[in-house]
Amino acid sequence: MANSSDREYMSRALYLARRGLHTTDPNPRVGCVLVRNGMIVGEGWHQRAGEPHAERHALATAGEQARGATCYVTLEPCSHTGRTGPCADALVEAGVARVVAAMQDPNPQVAGQGLARLRDAGIEVECGVLEDAARALNPGFIRRMEQGLPWVRVKLAMSVDGRTAMASGESQWITGAEAREDVQRLRARSSAIVTGIGTVLADAPSLTVRPATWQFSDYGPTPVRQPLRVVLDRALRTPADAAVIQADGECLILTAQETSGAPALREAGAEVLAGDWSPRQVLAELAARGCNEVLVEAGAELAGAFVAAGCVDELVVYMAPMLLGSSARPLLALPGLDRMADKYLLTLRDTRQVGVDLRLCYALAPR
């Protein structure tokens, strides 16, 4: 049975797992701590897909001291061979005496088999210690494994009176430098960023992660992982020289049907895919590509379409200390709200000051 020491060491493992917040995609963020005779003898976290898992980093630092130790890991050790060997086997070979996991792996390739392999080898196994915290660390991976869809955040910036731009479309900059820097962190943890052709034509965004101005030590000397940039462009109006295509990383353009402009876009480096792209179909496509967390950075129409389709898990709203007036553009386009009974209910999960702006994080209630 779990005790206070188990929770203490699992807290340390969760802290380590968070160091991979921006880098492990499409894999989950996982941390591991090895304890022997009340002393930490090894620890590690999964840093990047294709590299050793958290358990193997911890075993490497512990060496022979792993024998007889207790392993604290934030996700069930894997039991299958991917780009690395099964971690459950590595723990058995190292001779650990006990394994404490925060949660079972939702991946159907594992789903309890890793824990079963450990038990079959005579290792004591405990599962469920600080499970809520472990699940909160990997909402997208869990959603993708359990439901075949990613976790979706919509990022919005508005004035105190709920406006996002002047009637002319002028919007730079509503929020301050600190809030824009904070958005970089949202992008960095995301697998993909979704926008619309209206935003591409009006603002010419690159939608890249640019960590040069903020502390990002967890990357170390390796290159920054750029999220997939996704443009919803029904009539294929994206210019071939658009920053969203030319910037580092991959760009996917989803269109209703290919036009004569498609070859130039492909030659510029974009992938063009034709189809009937409802918000849910967009997300299913991204999940099939291994996307765990999706950030929607778009105008009122597209952001509203994702909300109206019931596809949004979180709203991240940056509220700037200004008033833009009743003729300015609204935050979201949500037609069909004629009665109070039609309203969308939100649950405030987090509030914090970011420079001069206020960041509000809301969860959307099911409709």
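- Under the annotation held in an unreviewed UniProt entry, the chain carries the name Riboflavin biosynthesis protein RibD and is attributed to Isoalcanivorax pacificus W11-5.
- Regarding the chain, the UniProt comment filed under Function (unreviewed entry) reads as follows: "Converts 2,5-diamino-6-(ribosylamino)-4(3h)-pyrimidinone 5'-phosphate into 5-amino-6-(ribosylamino)-2,4(1h,3h)-pyrimidinedione 5'-phosphate."

1. Topic: the overall build of the chain
So, step 1. When you go through the chain residue by residue, the secondary structure sums to 12 helices and 16 strands.
So, step 2. In terms of C-alpha radius of gyration, the chain reaches 23 Å, essentially the compact-globule figure of 21 Å for 367 residues.
So, step 3. Classification of the 367 residues of the chain by burial places 51% in the buried group.
So, step 4. Sequence separation of 24 or more characterises 70% of the internal contacts of the chain that already satisfy a separation of 6 or more.
So, step 5. With the model as given, the accessible surface of the chain reaches about 16,800 Å², and the carbon-plus-sulfur share is 50%.
So, step 6. For the chain, the centre of its 38 positive side-chain charges and the centre of its 42 negative side-chain charges are spaced 2 Å apart.

2. Observations concerning the packing of helix H3 (residues 87-94) against helix H4 (residues 113-120)
So, step 1. Relative orientation of the contacting elements H3 and H4 amounts to 20°, with a least axis distance of 9 Å. With respect to each other, H3 and H4 are oriented roughly parallel. Read as a crossing pair, H3 and H4 show a hand that is right-handed. Here Ala88, Asp89, Leu91 and Val92 of H3 come into contact with H4, specifically with Gly114, Arg117 and Leu118.
So, step 2. Residues belonging to the contact of H3 with H4 are distributed by class as follows: 4 nonpolar, 1 polar and 2 charged.

3. Focus on the domain arrangement of the chain
So, step 1. When cut into domains, the chain gives domain 1 (4-137) and domain 2 (148-364).
So, step 2. On a C-alpha basis, the centroid separation for the pair domain 1 and domain 2 is 34 Å.

4. Focus on the packing of aromatic side chains
So, step 1. Applying the stated criterion to the full structure yields 1 aromatic pair.
So, step 2. Between Tyr9 and Tyr72 the ring centres are 5.3 Å apart and the planes differ by 40°, which places this aromatic pair in the tilted class. Of the two residues, Tyr9 sits in helix H1 (residues 4-18) while Tyr72 sits in strand E3 (residues 70-73), which places them 63 residues apart along the sequence.
So, step 3. Of the residues examined, Tyr72 reaches a relative accessible area of 4% and is grouped as buried.

5. Looking at the packing of helix H2 (residues 54-62) against H3
So, step 1. Where H2 meets H3, the closest approach of the two axes is 9 Å, and the angle between their N-to-C directions is 20°. By the angle between their directions, the pair H2 and H3 is classed as roughly parallel. The two elements H2 and H3 meet at a crossing, and its hand is left-handed. Of the residues in H3, those in contact with Glu55, Arg56 and Leu59 of H2 are Cys87, Ala90, Leu91 and Ala94.
So, step 2. Of the residues that constitute the contact of H2 with H3, the class distribution is 5 nonpolar, no polar and 2 charged.

6. So, the sheet that holds strand E8 (residues 192-196)
So, step 1. Pairing within the open sheet is mixed, and its 9 strands lie in the order E11-E10-E9-E8-E12-E6-E13-E16-E15. In this open sheet, the two strands that pair with only one neighbour each are strand E11 (271-274) and strand E15 (346-354). Each strand of the sheet is rotated relative to its neighbour by a mean of 20°, with strand direction disregarded.
So, step 2. The pairing of strand E6 (residues 151-159) with strand E13 (residues 314-320) spans 7 bridges and is classified as parallel.

7. Details of the UniProt feature "binding site: Zn(2+)" (unreviewed entry) in the chain
So, step 1. Under the present numbering, the feature "binding site: Zn(2+)" (unreviewed entry) in UniProt falls on His53, Cys78 and Cys87. Annotated residues spanning 35 residues; largest pairwise C-alpha distance 9.2 Å, indicating a single compact cluster.
So, step 2. Summarising the element assignment, Cys78 is placed in the loop between E3 and H3.
So, step 3. Positionally, Cys87 belongs in helix H3.
So, step 4. Look past the residues within four positions of Cys87 in its chain and what remains in contact with it is His53, Glu55, Arg56, Pro77 and Cys78.

8. Digging into the nonpolar core
So, step 1. Formed by 41 residues in total, the largest nonpolar core has its most connected members in Met10, Leu34, Leu59, Val99 and Leu118.
So, step 2. When residues in this core are grouped by element, the largest group, 6 residues, is from H1.
So, step 3. Among residues more than four places away in sequence, those in contact with Leu118 are Pro77, Ala88, Leu91, Val92, Val99, Ile123 and Val125.
So, step 4. Of all hydrophobic cores here, the second largest spans 32 residues; its members include Val152, Leu156, Leu228 and Leu286.

9. Focus: the pattern of salt bridges
So, step 1. According to the stated counting rule, one finds 20 salt bridges in the structure shown.
So, step 2. Here Lys155 ties to Glu297 by a salt bridge, and the two come within 3.6 Å at their closest N and O atoms. Placement of Lys155 in strand E6 and of Glu297 in the loop between strand E12 (293-296) and helix H12 (300-308) is noted, with a sequence separation of 142 residues between them.
So, step 3. By relative accessible area, Lys155 is classed as buried at 18%.
So, step 4. Among the ionic contacts, a cluster of salt bridges with common partners joins Arg29, Arg153, Arg189, Glu293 and Glu314.

Cut-offs used in this document
Residues numbered from 1 in each chain as written. Predicted model: local features only at pLDDT ≥ 70, side-chain atom pairs only at ≥ 80, totals over all residues. Heavy atoms only, no water. UniProt positions renumbered as here; feature names shortened; annotations may be inferred. Helix = DSSP H or I, 4+ residues; strand = E, 2+ residues; numbered from the N terminus. Rg over C-alpha atoms; globule rule 2.2 N^0.38 Å. Buried < 20%, exposed > 50% of the residue type's maximum accessible area, 1.4 Å probe, protein only. Contact = heavy atoms within 4.5 Å. Areas by Shrake-Rupley, 256 points an atom, 1.4 Å probe, with all protein chains shown as cover. Lys, Arg positive; Asp, Glu negative; His and termini not counted. Charge placed at Lys NZ, Arg CZ, Asp CG, Glu CD. Axes fitted to C-alpha atoms, helices over the stretch in contact; angles between N-to-C directions. Parallel < 35°, antiparallel > 145°, perpendicular 65-115°, else oblique. Left-handed = near helix turned anticlockwise from the far one by under 90°. Nonpolar A, V, L, I, M, F, W, Y, C, P; charged D, E, K, R; others polar. Domains from an automatic or database assignment. Phe/Tyr/Trp six-rings, centres within 6.5 Å; stacked < 30°, edge-to-face > 60°. Pairing = 2+ DSSP bridges. Core = buried A, V, L, I, M, F, W, Y, C linked by side-chain atoms within 4.5 Å. Salt bridge = Lys/Arg side-chain N within 4 Å of Asp/Glu carboxyl O.

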